[in-house]
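Given next are the chains, with one letter for each unit.
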Amino acid sequence: MGSFIFKRSLQSVFSLLVLIVLVFFLARMTGSPADLYLPQDASAEIRHQFNEQFGFNDPLYVQFGHFLWGLLHFDMGQSLQFSRPAVDVVLQAFPTTLTLAAITMPLVILVSVITGSLAAFRPGGVFDRLASFISLIGASTPNFWVAIVGVLVFAVTLRVLPTSGTGTPLHWILPVAVLMLRPTGVLVQVVRTSMMTALSSAYIKTARAKGVGSRAIVFVHALRNALLPVITVASDQAAGIVNGAVIVETVFGFPGIGKLMIDSVMLRDFAVIQAAVLVTALAVFVINIIVDITYALVDPRIRYS
Amino acid sequence: MTDQPLLEIKNLSISFPSRRGVVHAVDDVSWSVKPGETLAILGESGSGKSVSASAVLDLVDAPPAVISSGQILYRGRDLLKVPRDERQAINGRKISMIFQDPLAALNPVYPIGWQVAETLRVHGVDSKTAHARAIELLHKVGIDDPERRARQYPHQFSGGQRQRIMIASAIALEPDLLIADEPTSALDVTVQAQVLDLLKSLQAENGMGLVLITHDLGVVEKVADRVVVMQNGRVVETGAARAIMTSPSHPYTRKLLDAMPGRHGFETQAVASETRRTILEVQDVSRIYGVQPGKAKDAGPKAIRAVDNANFVLRSGETLGIVGESGSGKSTLARMLLGLEPPTSGTIRFDGKDMNGMSASEAFKVRRRMQFVFQDPTASLNPRMTIGQIVSEPWAIHAGVLPKKEWRGRVIELLERVGLKPDHIDRHPHQFSGGQRQRIAIARALALQPEVIVCDEAVSALDVSVQAQVIDLLKTLRRDFGLSYIFIAHDLALVRDFATSVIVMYRGQIVEQGPTTNIYTAPRHDYTKRLLAASEVHLPDAA
């Protein structure tokens, strides 16, 4: 297992490098930061001075060289909008997003595993039809619409929840609920399908012939066999949230990484974009390693070497 | 044995409503079994033999199935009227069941010791006692080093061991009745014999009743006291095993007995083998996993010798049978003959040319002359293609063999040749039975008019009576087209009926080869003797 993690890390370093190069050049294709940070009527001399100060006058390869050199020293450059080191800005926003993911995903998994399993136990039954119908709505309703309607109903009309911000636990209820909707909808369907396959297996027949009760058949015998595709999809959804729940963070004014990235792109704050992409990519890499380890824990037939 | 039946099924009918109408899977079926007795339920696929027995353990899902009438009396009590939780208490404790494919029937993600102990735990034994007892049981069914192996998972065991584990779990609470659904069909012949012996000895020990569901007359002959013969959901004949095997009264039973392989005369060749042309020559061929091709000498102790120094010759018009159990290397050998895998060392010559040194275009031409038929006709036919597309595909690959406008006519000819109808050409594989699908695969193999057809377990998945029909077809084609076959099978009786010469493989080596008559009447190698003994059928009227 140790050598497996080492090998995977090595592969990931390569992917990260490619990603960094792409982000560096793509960001610079959006135009010059000088257009945004200086007044429209700024003279050519002031523009030149601004570009000189932040190194934008150098040829691209020189800028890239500086960027790589800084990276080796864990220096991602200065943020234009905050006038602080970009890494600090990103690391300040990231915990908010991580917390959002850490609250949302376990809830998503809990709800969808229970709902999906019960639906699969009697396919075509009342519960199954209801669960399939609701999960389909959850999977296909646009996030931003639910977020806005949520604010309108619970914050503006009923006045039971705050509209935006992060102050109290109450602030988390709407964002988490909206964020759960789509992953739960998708995951219920995955759990249901996967459980139906598991429940029609021969080993379930064996368990019934042994006299094992229905609950143990579903949650002990079938569930663990049904988990692999569920883990795959769940990790994908988790990576999506860690990458920045852009819409939810924007609607609810959540100072997370998604909001930061959008703002930085809008303001051509290259250093922050680069730092944010690198940090989220690292997080996704860690999620993938955890998923691989989970596979091996769930299914003894999977061994890494 | 008392005269009171342990289990009695009376006039049971089970049907499955489907879009095409109601399927009567079990139609007014009655049978019974006494303590200590072995009842065999004999039938081919679709006969309803498994469904009636599964109903005893409440394993038939209703809905969709409808149990429309009848009784299942266990010690005089109708199980169909017993509430579900009470039936759960009977399952595994009083009546238990084992299944055909022991790999699928064991849960892949739990240790086997846990699974054996589960039977005890669900019926109220505490986990510690259950675990200790599970280890005893594993020892009893012949699993070596049970304490260590109890912690291992199903995929770490061989087929025979898995079935022993299933048996350990089924007999954990010394049930009155054990229902075994095709318990040996997925196993090698020598392992089959061991598992049947184990079941019989356990039965002798605690006097349980045994219901054995099988399609295999050999199994019936070896262990059954009484037999119920089923066809199309009905019982066609019931009686003492010996009486039914010697003087069956129903025509279907007679047909089954006649279709049994291994009861006909040996295949002999009209022309002396020396004067026939050599098509395929295999010389010192080895396939070793874990070393580079051509470096067989580097093979360390860890390398797996799948095929070890094989030598044989296939002449035109000859049928070479390759027999061996799983892991003997017979399929690896076939893959090398087809060029799907290169030999690690040695040469395979087709018509005098070394296949390994051939250019791509030469190899392409050889493929035209050598075709194959695989074991599973469901998996080897593309479900989205029509029969016409499947059979004509070889002409699309080997351009220039047949102009496109003649394809349809030739496909129809080929379909008629293998016993199918011209209007089958536009259907899809799922609309055919297993036997018909294998005929389609044979038609496809014939499309390029090959000289050699390699059949890898080509009839193993088929029912006995269908097997006999497909073998007859292969024989006719051999006569009409002068085809040579390489016929790979684990079923010795089938090979005996069809092959002109035989190779016996054991752990990658050819331990014996020669004309079929010699191998079957005077085997020299110990392993051949063991194989023959295990598969022997003592039919009174066998030739």
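This is a predicted model, so every value here is computed, not measured.

1. Describing the overall build of chain B
- For chain B, the count of helices and strands is 21 helices and 20 strands.
- Overall size of chain B, expressed as C-alpha extent along the three principal axes, is 70 × 55 × 45 Å.
- Sorting the 543 residues of chain B into buried and exposed places 53% on the buried side.
- Accessible surface for chain B amounts to roughly 23,700 Å². Of this, 48% is attributable to carbon and sulfur atoms.
- Each charge class in chain B can be summarised by its mean position, and for the 64 positive and 61 negative side chains these summaries are 4 Å apart.

2. Looking at the interface of chain A and chain B
- Of the residues lining the interface, 19 residues belong to chain A; the matching set on chain B comes to 28 residues.
- Around 2,100 Å² of area is buried between chain A and chain B when both sides are counted, 54% of it from carbon and sulfur atoms.
- Together, A:Arg208, A:Ala209 and A:Lys210 form the three largest contributors to the area buried by chain A at its contact with chain B, with a combined 30%.
- We note a salt bridge from B:Glu118 to A:Lys210, for which the minimum N-O separation is 3.0 Å.
- Where the side of chain A that touches chain B is concerned, the elements lending two or more residues are α9 (202-210) and α10 (214-242) of chain A.
- For the side of chain A that touches chain B, the leading source of residues is α9(A), giving seven residues.

3. As for the pattern of salt bridges
Residue and element names in this part refer to chain B.
- Enumeration over the complete set of coordinates arrives at 32 salt bridges over all chains.
- A salt bridge links Glu-37 to Arg-226; its shortest N-O distance comes to 2.7 Å. Of this pair, Glu-37 sits in the loop between β2 (21-33) and β3 (38-42) while Arg-226 sits in strand β9 (residues 226-231); the two residues are 189 residues apart in sequence, bridging distant segments of the chain.
- By relative accessible area, which is 3% here, Glu-37 ends up buried.
- Note that Glu-341 is salt-bridged to Arg-287, the shortest N-O span being 2.8 Å. Of the two residues, Glu-341 is situated in the loop between α12 (330-337) and β14 (345-350) and Arg-287 in strand β11 (residues 278-289); the sequence distance between them amounts to 54 residues.

4. Describing the sheet that holds strand β5 (residues 77-78) of chain B
- The sheet built from four strands is open, its strands ordered β2-β1-β4-β5 (chain B) with antiparallel pairing. Of all the strands in the sheet, the pair left with one neighbour each is β2 and β5 of chain B.

5. Structural notes on the domain arrangement of chain B
Residues and elements named next belong to chain B.
- Assigned domains of chain B: these are domain 1 (7-259) and domain 2 (273-535).
- Computed from C-alpha coordinates alone, the two centres of domain 1 and domain 2 are separated by 35 Å.
- Taken together, the contact pairs 12 residues of domain 1 with 13 residues of domain 2.
- Regarding the contact of domain 1 and domain 2, the summed buried area is about 1,100 Å², with carbon and sulfur atoms giving 53% of it.
- At the boundary of domain 1 and domain 2, one finds zero salt bridges.
- In this assembly, domain 1 and domain 2 are joined by one residue pair in polar contact (both at pLDDT 80 or more).
- Considering every element that reaches the side of domain 1 that touches domain 2, the biggest residue donor is helix α8 (residues 189-206), with four residues.
- Its residues assigned to classes, the side of domain 1 that touches domain 2 shows five nonpolar, three polar and four charged.

6. Remarks on the side chain of A:Ser117
- Relative to the elements of secondary structure, A:Ser117 occurs in helix α5 (residues 86-121).
- Not counting residues within four places of it along the chain, the set of residues in contact with A:Ser117 comprises A:Ser112, A:Val191, A:Met195, A:Val218, A:Phe219 and A:Leu223.

7. Focus: the packing of α10(A) against helix α13 (residues 270-298) of chain A
Residue and element names in this part refer to chain A.
- As a packed pair, α10 and α13 sit with axes 10 Å apart at the nearest point and diverge in direction by 170 degrees. When the axis of α10 is compared with that of α13, the two are roughly antiparallel. Of the residues in α13, those in contact with Arg-224, Leu-227, Leu-228, Ile-231, Thr-232, Ser-235, Ala-238, Ala-239 and Val-242 of α10 are Thr-280, Ala-283, Val-284, Ile-287, Val-291, Thr-294, Tyr-295, Leu-297 and Val-298.
- A breakdown of the residues in the contact of α10 with α13 according to their chemical character gives 13 nonpolar, four polar and one charged.

8. Some thoughts on the packing of aromatic side chains
- Per the stated rule, a full pass over the model turns up 13 aromatic pairs over all chains.
- Ring geometry for B:Phe487 against B:Phe498: centres 4.9 Å apart, planes inclined by 75 degrees, an arrangement best described as edge-to-face. Taken together, the positions of B:Phe487 in strand β18 (residues 484-489) and B:Phe498 in helix α19 (residues 492-498) put the pair 11 residues apart, joining distant regions of the chain. Each member of the pair B:Phe487 and B:Phe498 is classed as buried.
- A network of ring pairs unites the aromatic residues A:Phe24, A:Phe25, A:Phe64 and A:Phe67 as a single cluster.

9. A look at the sheet that holds strand β16 (residues 370-373) of chain B
Residue and element names in this part refer to chain B.
- Pairing in this open sheet of six strands is mixed, and the strands run β16-β17-β18-β13-β19-β20 from one edge to the other. Of all the strands in the sheet, the pair left with one neighbour each is β16 and β20 (509-515). For this sheet, the mean inter-axis angle between neighbouring strands, taken without regard to orientation, is 15 degrees.
- Two strands pair when backbone bridges link them, and strand β17 (residues 452-456) and β18 are joined in this way by five bridges, in the parallel orientation. By the bridge assignment for β18, Val-452 is matched with Ser-484.
- Sheet contacts for helix α18 (residues 464-481): β13 (319-323) and β18; angle to β18, the most-contacted strand, approximately 155 degrees.
- Sheet contacts for helix α21 (residues 526-535): β19 (501-506) and β20; angle to β19, the most-contacted strand, approximately 100 degrees.

10. Let's talk about the nonpolar core
- Ranked by size, the top nonpolar core spans 78 residues in total, and within it A:Met76, A:Val90, A:Leu100, A:Met195, A:Leu199 and A:Phe252 carry the most contacts.
- With 14 residues, α13(A) is the single largest residue contributor to this core.
- One finds B:Leu6, B:Ile9, B:Ile95 and B:Val195 within the second-largest nonpolar core, a separate group that totals 72 residues.

11. Let's talk about the pairing of β18(B)
Residues and elements named next belong to chain B.
- With six of six residues buried, β18 is to be regarded as a mostly interior element.
- Bridge analysis of β13 against β18 gives five bridges, and the strand direction is parallel. Counted as the bridge partner of Ile-322 is Ile-488 from β18.
- In this fold, β17 hands off to α18, which returns the chain to β18; that crossover is right-handed.

Rules behind the numbers
Residues numbered from 1 in each chain as written. Chains lettered and ligands numbered in written order. Predicted model: local features only at pLDDT ≥ 70, side-chain atom pairs only at ≥ 80, totals over all residues. Heavy atoms only, no water. Helix = DSSP H or I, 4+ residues; strand = E, 2+ residues; numbered from the N terminus. Buried < 20%, exposed > 50% of the residue type's maximum accessible area, 1.4 Å probe, protein only. Areas by Shrake-Rupley, 256 points an atom, 1.4 Å probe, with all protein chains shown as cover. Lys, Arg positive; Asp, Glu negative; His and termini not counted. Charge placed at Lys NZ, Arg CZ, Asp CG, Glu CD. Contact = heavy atoms within 4.5 Å. Buried area = accessible area lost by both parts, 1.4 Å probe. Salt bridge = Lys/Arg side-chain N within 4 Å of Asp/Glu carboxyl O. Pairing = 2+ DSSP bridges. Domains from an automatic or database assignment. Polar contact = N/O pair within 3.5 Å; in protein donor to acceptor, adjacent residues only side chain to side chain. Nonpolar A, V, L, I, M, F, W, Y, C, P; charged D, E, K, R; others polar. Axes fitted to C-alpha atoms, helices over the stretch in contact; angles between N-to-C directions. Parallel < 35°, antiparallel > 145°, perpendicular 65-115°, else oblique. Phe/Tyr/Trp six-rings, centres within 6.5 Å; stacked < 30°, edge-to-face > 60°. Core = buried A, V, L, I, M, F, W, Y, C linked by side-chain atoms within 4.5 Å. Right-handed = clockwise from strand over helix to strand, strands pointing away.

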